[in-house]
Amino acid sequence: MRTPVVRALAFDPRTPAFGIARSLVAIAELTVLVFTSDTDLFPVVPNGPTGPRCDGLRALSLWCFDSSTTAQTISRFVTIAALVLAASGYRPRWTCIPHWYATFSLAAAIHVPNGGENVARFLTLLLIPLCLADDRIWHWRRPVTPLPEWPRGSAYVTHLTIRLQVVIVYGQAIWLKVVELEWRDGSAMRHVMQDAYFGVASELTGLLEWNVLTTSVTWGTILLESAIVICVLGNSRLRRIGLALAVVLHGGIVLALGLVSFGLVMISLVAAASSGRSECRAPVLPRR
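Now for a description of the structure that goes with this document. (Residues numbered from 1 in each chain as written. Predicted model: local features only at pLDDT ≥ 70, side-chain atom pairs only at ≥ 80, totals over all residues. Heavy atoms only, no water.)

**Remarks on the nonpolar core**
At step 1: Within the largest apolar cluster, 43 residues are counted, with the highest numbers of intra-cluster contacts made by Ile162, Val166, Tyr170 and Ile228.
At step 2: Here this core takes nine residues from helix α12 (residues 260–274), the largest share from any one element.
At step 3: In contact with Tyr170, not counting residues within four places along its chain, are Glu225, Ile228, Val229, Leu249, His250, Met266 and Val270.
At step 4: With 16 residues, the next largest nonpolar core counts Leu30, Leu41, Ala87 and Ile110 among its residues. (Core = buried A, V, L, I, M, F, W, Y, C linked by side-chain atoms within 4.5 Å. Buried < 20%, exposed > 50% of the residue type's maximum accessible area, 1.4 Å probe, protein only. Helix = DSSP H or I, 4+ residues; strand = E, 2+ residues; numbered from the N terminus. Contact = heavy atoms within 4.5 Å.)

As C-alpha coordinates, then:
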(Lines give C-alpha, C1' and ligand atoms only; values in the text may rest on other atoms or scores of the structure.)
Protein backbone atom coordinates (compact mmCIF):
# COMPACT_ATOMS: atom_id res chain seq x y z
CA MET A 1 0.00 0.00 0.00
CA ARG A 2 1.44 3.34 -1.03
CA THR A 3 2.11 6.00 1.56
CA PRO A 4 0.91 9.59 0.95
CA VAL A 5 4.50 10.64 0.20
CA VAL A 6 4.89 7.94 -2.44
CA ARG A 7 1.52 8.84 -3.99
CA ALA A 8 2.52 12.50 -4.06
CA LEU A 9 5.84 11.79 -5.78
CA ALA A 10 4.09 9.58 -8.35
CA PHE A 11 1.21 11.98 -9.00
CA ASP A 12 0.61 13.41 -12.47
CA PRO A 13 -2.45 15.63 -13.01
CA ARG A 14 -2.23 15.58 -16.82
CA THR A 15 -5.21 13.38 -17.66
CA PRO A 16 -8.16 14.01 -20.00
CA ALA A 17 -10.33 15.06 -17.03
CA PHE A 18 -7.86 17.88 -16.34
CA GLY A 19 -8.42 19.26 -19.84
CA ILE A 20 -12.18 18.85 -19.51
CA ALA A 21 -12.15 20.81 -16.25
CA ARG A 22 -10.16 23.73 -17.67
CA SER A 23 -12.18 23.96 -20.86
CA LEU A 24 -15.62 23.66 -19.27
CA VAL A 25 -15.01 26.28 -16.60
CA ALA A 26 -13.77 28.69 -19.28
CA ILE A 27 -16.75 27.94 -21.54
CA ALA A 28 -19.10 28.52 -18.59
CA GLU A 29 -17.77 32.03 -18.08
CA LEU A 30 -17.82 32.66 -21.83
CA THR A 31 -21.56 31.95 -21.90
CA VAL A 32 -22.04 34.65 -19.27
CA LEU A 33 -20.00 37.24 -21.16
CA VAL A 34 -21.19 36.49 -24.68
CA PHE A 35 -24.89 36.30 -23.88
CA THR A 36 -25.18 38.97 -21.18
CA SER A 37 -25.12 42.71 -21.83
CA ASP A 38 -23.32 45.22 -19.63
CA THR A 39 -26.71 46.42 -18.40
CA ASP A 40 -27.52 42.94 -17.09
CA LEU A 41 -24.02 42.29 -15.76
CA PHE A 42 -23.97 45.59 -13.86
CA PRO A 43 -27.60 46.54 -13.20
CA VAL A 44 -28.55 49.68 -11.32
CA VAL A 45 -29.41 48.68 -7.75
CA PRO A 46 -30.63 50.86 -4.87
CA ASN A 47 -27.72 52.28 -2.85
CA GLY A 48 -25.33 50.43 -5.13
CA PRO A 49 -22.57 51.56 -7.49
CA THR A 50 -23.18 52.43 -11.11
CA GLY A 51 -21.31 49.95 -13.27
CA PRO A 52 -18.92 47.30 -11.91
CA ARG A 53 -18.41 46.81 -8.18
CA CYS A 54 -14.96 48.13 -7.38
CA ASP A 55 -14.84 48.43 -3.60
CA GLY A 56 -12.06 46.83 -1.59
CA LEU A 57 -10.17 44.02 -3.33
CA ARG A 58 -12.65 44.23 -6.22
CA ALA A 59 -10.67 47.25 -7.39
CA LEU A 60 -8.10 44.76 -8.71
CA SER A 61 -10.64 43.53 -11.26
CA LEU A 62 -9.91 44.17 -14.91
CA TRP A 63 -13.31 45.87 -15.14
CA CYS A 64 -12.32 48.50 -12.54
CA PHE A 65 -9.34 50.14 -14.21
CA ASP A 66 -11.54 52.52 -16.18
CA SER A 67 -15.30 53.04 -16.02
CA SER A 68 -15.72 54.48 -19.52
CA THR A 69 -17.81 52.63 -22.08
CA THR A 70 -14.79 52.10 -24.32
CA ALA A 71 -12.76 50.64 -21.46
CA GLN A 72 -15.61 48.31 -20.50
CA THR A 73 -15.78 47.05 -24.08
CA ILE A 74 -12.03 46.47 -24.10
CA SER A 75 -12.29 44.60 -20.76
CA ARG A 76 -15.00 42.38 -22.22
CA PHE A 77 -12.94 41.45 -25.28
CA VAL A 78 -9.74 40.91 -23.28
CA THR A 79 -11.63 38.63 -20.89
CA ILE A 80 -13.21 36.72 -23.77
CA ALA A 81 -9.80 36.28 -25.41
CA ALA A 82 -8.28 34.88 -22.20
CA LEU A 83 -11.20 32.50 -21.74
CA VAL A 84 -11.11 31.31 -25.35
CA LEU A 85 -7.40 30.51 -25.06
CA ALA A 86 -7.99 28.57 -21.85
CA ALA A 87 -10.98 26.72 -23.32
CA SER A 88 -8.98 25.74 -26.39
CA GLY A 89 -6.37 24.06 -24.17
CA TYR A 90 -3.47 26.04 -25.58
CA ARG A 91 -0.31 26.29 -23.43
CA PRO A 92 -1.76 25.57 -19.96
CA ARG A 93 1.44 26.82 -18.31
CA TRP A 94 1.07 30.30 -19.80
CA THR A 95 -2.71 30.68 -19.93
CA CYS A 96 -3.63 29.49 -16.42
CA ILE A 97 -2.93 32.78 -14.63
CA PRO A 98 -4.74 34.95 -17.23
CA HIS A 99 -7.59 32.41 -17.02
CA TRP A 100 -7.83 32.85 -13.26
CA TYR A 101 -7.56 36.63 -13.45
CA ALA A 102 -10.30 36.86 -16.08
CA THR A 103 -12.55 34.66 -13.95
CA PHE A 104 -11.76 36.56 -10.75
CA SER A 105 -12.36 39.91 -12.46
CA LEU A 106 -15.79 38.91 -13.69
CA ALA A 107 -16.92 37.36 -10.39
CA ALA A 108 -15.64 40.35 -8.40
CA ALA A 109 -17.17 43.04 -10.60
CA ILE A 110 -20.69 41.80 -11.25
CA HIS A 111 -23.36 42.78 -8.76
CA VAL A 112 -25.03 39.44 -8.09
CA PRO A 113 -22.61 36.56 -8.79
CA ASN A 114 -24.23 33.15 -8.53
CA GLY A 115 -22.65 30.13 -6.95
CA GLY A 116 -21.09 29.20 -10.28
CA GLU A 117 -18.99 32.36 -10.48
CA ASN A 118 -17.68 31.85 -6.96
CA VAL A 119 -16.82 28.19 -7.61
CA ALA A 120 -15.13 29.12 -10.90
CA ARG A 121 -13.04 31.74 -9.13
CA PHE A 122 -11.47 29.37 -6.62
CA LEU A 123 -11.28 26.46 -9.08
CA THR A 124 -9.22 28.43 -11.62
CA LEU A 125 -6.96 29.56 -8.77
CA LEU A 126 -6.43 25.97 -7.61
CA LEU A 127 -5.70 24.84 -11.16
CA ILE A 128 -2.64 27.11 -11.36
CA PRO A 129 -0.25 24.76 -9.46
CA LEU A 130 -1.41 21.91 -11.72
CA CYS A 131 -0.70 23.95 -14.84
CA LEU A 132 2.64 25.58 -14.10
CA ALA A 133 4.63 22.38 -14.70
CA ASP A 134 2.55 21.39 -17.74
CA ASP A 135 4.80 21.88 -20.77
CA ARG A 136 2.30 20.62 -23.35
CA ILE A 137 1.22 22.83 -26.23
CA TRP A 138 -2.37 21.62 -25.82
CA HIS A 139 -3.87 20.15 -22.69
CA TRP A 140 -5.69 17.59 -24.87
CA ARG A 141 -2.44 15.87 -25.89
CA ARG A 142 -1.00 12.92 -24.00
CA PRO A 143 2.17 13.90 -22.09
CA VAL A 144 5.36 13.06 -23.94
CA THR A 145 7.70 13.93 -21.08
CA PRO A 146 7.48 12.91 -17.42
CA LEU A 147 6.40 15.53 -14.93
CA PRO A 148 9.44 16.96 -13.07
CA GLU A 149 9.73 15.88 -9.45
CA TRP A 150 9.60 19.37 -7.96
CA PRO A 151 5.92 20.15 -8.77
CA ARG A 152 4.49 16.71 -8.01
CA GLY A 153 4.01 17.32 -4.30
CA SER A 154 2.31 20.70 -4.74
CA ALA A 155 0.16 19.31 -7.54
CA TYR A 156 -0.94 16.41 -5.36
CA VAL A 157 -1.78 18.66 -2.40
CA THR A 158 -3.73 20.95 -4.74
CA HIS A 159 -5.57 17.95 -6.15
CA LEU A 160 -6.57 16.88 -2.63
CA THR A 161 -7.71 20.44 -1.92
CA ILE A 162 -9.97 20.41 -4.99
CA ARG A 163 -11.48 17.13 -3.85
CA LEU A 164 -12.05 18.63 -0.41
CA GLN A 165 -13.78 21.59 -2.03
CA VAL A 166 -16.14 19.22 -3.84
CA VAL A 167 -16.99 17.54 -0.54
CA ILE A 168 -17.60 20.93 1.13
CA VAL A 169 -19.73 22.35 -1.71
CA TYR A 170 -21.91 19.28 -2.17
CA GLY A 171 -21.95 18.45 1.54
CA GLN A 172 -23.25 21.92 2.34
CA ALA A 173 -25.84 21.65 -0.44
CA ILE A 174 -27.06 18.31 0.96
CA TRP A 175 -27.28 19.66 4.51
CA LEU A 176 -29.18 22.79 3.49
CA LYS A 177 -31.67 20.59 1.65
CA VAL A 178 -32.35 17.95 4.28
CA VAL A 179 -33.04 20.53 7.01
CA GLU A 180 -35.84 22.03 4.90
CA LEU A 181 -39.29 20.45 5.13
CA GLU A 182 -39.96 20.94 1.39
CA TRP A 183 -36.97 18.78 0.51
CA ARG A 184 -37.83 16.10 3.04
CA ASP A 185 -41.44 15.80 1.90
CA GLY A 186 -40.41 15.75 -1.76
CA SER A 187 -42.13 18.97 -2.88
CA ALA A 188 -39.09 21.24 -3.27
CA MET A 189 -38.45 20.64 -6.97
CA ARG A 190 -42.10 21.32 -7.76
CA HIS A 191 -41.70 24.81 -6.29
CA VAL A 192 -38.36 25.35 -8.06
CA MET A 193 -39.75 24.28 -11.43
CA GLN A 194 -42.69 26.67 -11.04
CA ASP A 195 -40.40 29.64 -10.47
CA ALA A 196 -41.18 32.50 -12.87
CA TYR A 197 -37.50 32.95 -13.78
CA PHE A 198 -35.92 29.49 -13.51
CA GLY A 199 -38.98 27.30 -13.96
CA VAL A 200 -39.64 24.78 -16.71
CA ALA A 201 -41.33 25.65 -19.99
CA SER A 202 -45.09 26.19 -19.81
CA GLU A 203 -45.65 23.10 -21.98
CA LEU A 204 -44.16 20.92 -19.23
CA THR A 205 -45.91 22.39 -16.19
CA GLY A 206 -48.57 19.67 -16.36
CA LEU A 207 -45.92 17.14 -15.35
CA LEU A 208 -45.50 18.95 -12.03
CA GLU A 209 -48.87 17.60 -10.92
CA TRP A 210 -47.39 14.10 -10.79
CA ASN A 211 -46.34 13.79 -7.16
CA VAL A 212 -44.35 10.64 -7.84
CA LEU A 213 -42.29 12.45 -10.48
CA THR A 214 -41.55 15.57 -8.43
CA THR A 215 -40.77 13.55 -5.31
CA SER A 216 -38.40 11.33 -7.30
CA VAL A 217 -36.62 14.36 -8.78
CA THR A 218 -36.37 16.03 -5.36
CA TRP A 219 -34.87 13.03 -3.56
CA GLY A 220 -32.94 11.99 -6.66
CA THR A 221 -31.08 15.31 -6.50
CA ILE A 222 -30.07 14.68 -2.88
CA LEU A 223 -29.04 11.10 -3.60
CA LEU A 224 -26.94 12.09 -6.63
CA GLU A 225 -25.17 14.81 -4.65
CA SER A 226 -24.47 12.32 -1.86
CA ALA A 227 -23.12 9.78 -4.35
CA ILE A 228 -20.81 12.39 -5.86
CA VAL A 229 -19.34 13.13 -2.41
CA ILE A 230 -18.74 9.43 -1.76
CA CYS A 231 -17.15 8.90 -5.17
CA VAL A 232 -14.82 11.91 -4.85
CA LEU A 233 -13.51 10.47 -1.58
CA GLY A 234 -12.68 7.19 -3.33
CA ASN A 235 -10.08 5.93 -5.80
CA SER A 236 -9.63 7.09 -9.39
CA ARG A 237 -12.26 4.71 -10.74
CA LEU A 238 -14.87 5.92 -8.24
CA ARG A 239 -13.99 9.54 -9.03
CA ARG A 240 -14.68 8.91 -12.72
CA ILE A 241 -18.06 7.50 -11.73
CA GLY A 242 -18.62 10.66 -9.69
CA LEU A 243 -17.89 12.73 -12.79
CA ALA A 244 -20.48 10.76 -14.77
CA LEU A 245 -23.02 11.36 -11.98
CA ALA A 246 -22.22 15.08 -12.01
CA VAL A 247 -22.89 15.17 -15.76
CA VAL A 248 -26.25 13.47 -15.18
CA LEU A 249 -27.20 15.77 -12.29
CA HIS A 250 -26.16 19.09 -13.75
CA GLY A 251 -27.03 18.16 -17.30
CA GLY A 252 -30.56 17.52 -16.05
CA ILE A 253 -30.60 20.86 -14.24
CA VAL A 254 -29.44 22.63 -17.40
CA LEU A 255 -32.20 21.00 -19.45
CA ALA A 256 -34.90 21.61 -16.85
CA LEU A 257 -33.98 25.03 -15.47
CA GLY A 258 -31.56 26.49 -18.01
CA LEU A 259 -28.71 27.12 -15.54
CA VAL A 260 -26.03 26.59 -18.17
CA SER A 261 -23.02 28.38 -16.70
CA PHE A 262 -23.65 27.00 -13.20
CA GLY A 263 -24.01 23.45 -14.53
CA LEU A 264 -20.81 23.64 -16.57
CA VAL A 265 -18.83 25.04 -13.64
CA MET A 266 -19.99 22.29 -11.30
CA ILE A 267 -19.17 19.58 -13.85
CA SER A 268 -15.72 21.13 -14.31
CA LEU A 269 -15.17 21.10 -10.53
CA VAL A 270 -15.91 17.37 -10.29
CA ALA A 271 -13.80 16.77 -13.42
CA ALA A 272 -10.85 18.50 -11.75
CA ALA A 273 -11.36 16.30 -8.68
CA SER A 274 -11.38 13.17 -10.85
CA SER A 275 -8.23 14.12 -12.77
CA GLY A 276 -4.74 12.86 -12.11
CA ARG A 277 -3.11 9.49 -11.68
CA SER A 278 -0.79 8.31 -8.95
CA GLU A 279 1.21 5.73 -10.77
CA CYS A 280 4.47 5.84 -12.65
CA ARG A 281 4.12 5.32 -16.35
CA ALA A 282 6.70 5.47 -19.06
CA PRO A 283 6.36 8.62 -21.16
CA VAL A 284 4.92 8.28 -24.62
CA LEU A 285 7.68 9.15 -27.07
CA PRO A 286 6.72 11.31 -30.08
CA ARG A 287 6.70 9.65 -33.46
CA ARG A 288 9.43 10.61 -35.84
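**Some remarks on unusual backbone geometry**
At step 1: The phi dihedral of Arg91 is positive, around 40°, even though this residue is not glycine.
At step 2: Here Arg91 is to be found in the loop between α4 (69–88) and α5 (92–109).
At step 3: Given a relative accessible area of 29%, Arg91 falls into the partly exposed group.

**Here's the deal with the packing of aromatic side chains**
At step 1: Within the structure shown, the criterion is met by six aromatic pairs.
At step 2: Pairing Trp100 with Tyr101 gives two aromatic rings, centres 6.4 Å apart and planes at 50°, and the pair type is tilted.
At step 3: Judged by its relative accessible area of 23%, Trp100 is partly exposed.
At step 4: We classify Tyr101 as partly exposed; its relative accessible area is 25%.
At step 5: Joined through ring pairs, the aromatic side chains of Trp100, Tyr101 and Phe104 make up one cluster. (Phe/Tyr/Trp six-rings, centres within 6.5 Å; stacked < 30°, edge-to-face > 60°.)

**Things to note about the packing of helix α2 (residues 16–35) against α5**
Each packed pair of helices is defined by two parameters, the angle between the axes and the distance between the axes.
At step 1: Between α2 and α5, whose axes approach to 11 Å, the crossing angle comes to 40°. Crossing hand, α2 versus α5: left-handed. Where α2 approaches α5, its residues Arg22, Val25, Ala26, Glu29, Val32 and Leu33 are matched on the opposing element by Pro92, Thr95, Cys96, His99, Thr103 and Leu106.
At step 2: A per-class count over the contact of α2 with α5 returns seven nonpolar, three polar and two charged. (Axes fitted to C-alpha atoms, helices over the stretch in contact; angles between N-to-C directions. Left-handed = near helix turned anticlockwise from the far one by under 90°. Nonpolar A, V, L, I, M, F, W, Y, C, P; charged D, E, K, R; others polar.)

**Quick look at the state of the cysteines**
At step 1: Across all of its chains, the model carries one disulfide by this definition.
At step 2: There is a disulfide in this structure between Cys54 and Cys64, and the S-S distance comes to 2.0 Å. For the disulfide bridge between Cys54 and Cys64, the dihedral angle about the S-S bond is near -90°, and by the sign convention the bridge is left-handed. On the criterion of sequence distance, the pair formed by Cys54 in the loop between α3 (38–41) and α4 and Cys64 in the loop between α3 and α4 is long-range, its members being ten residues apart.
At step 3: Of the residues examined, Cys64 reaches a relative accessible area of 18% and is grouped as buried.
At step 4: Here Cys96 stays unpaired: no disulfide links it, and the sulfur of Cys131, its closest cysteine neighbor, is 4.5 Å away.
At step 5: Overall, the relative accessible area of 2% leaves Cys96 in the buried class. (Disulfide = S-S within 2.5 Å.)

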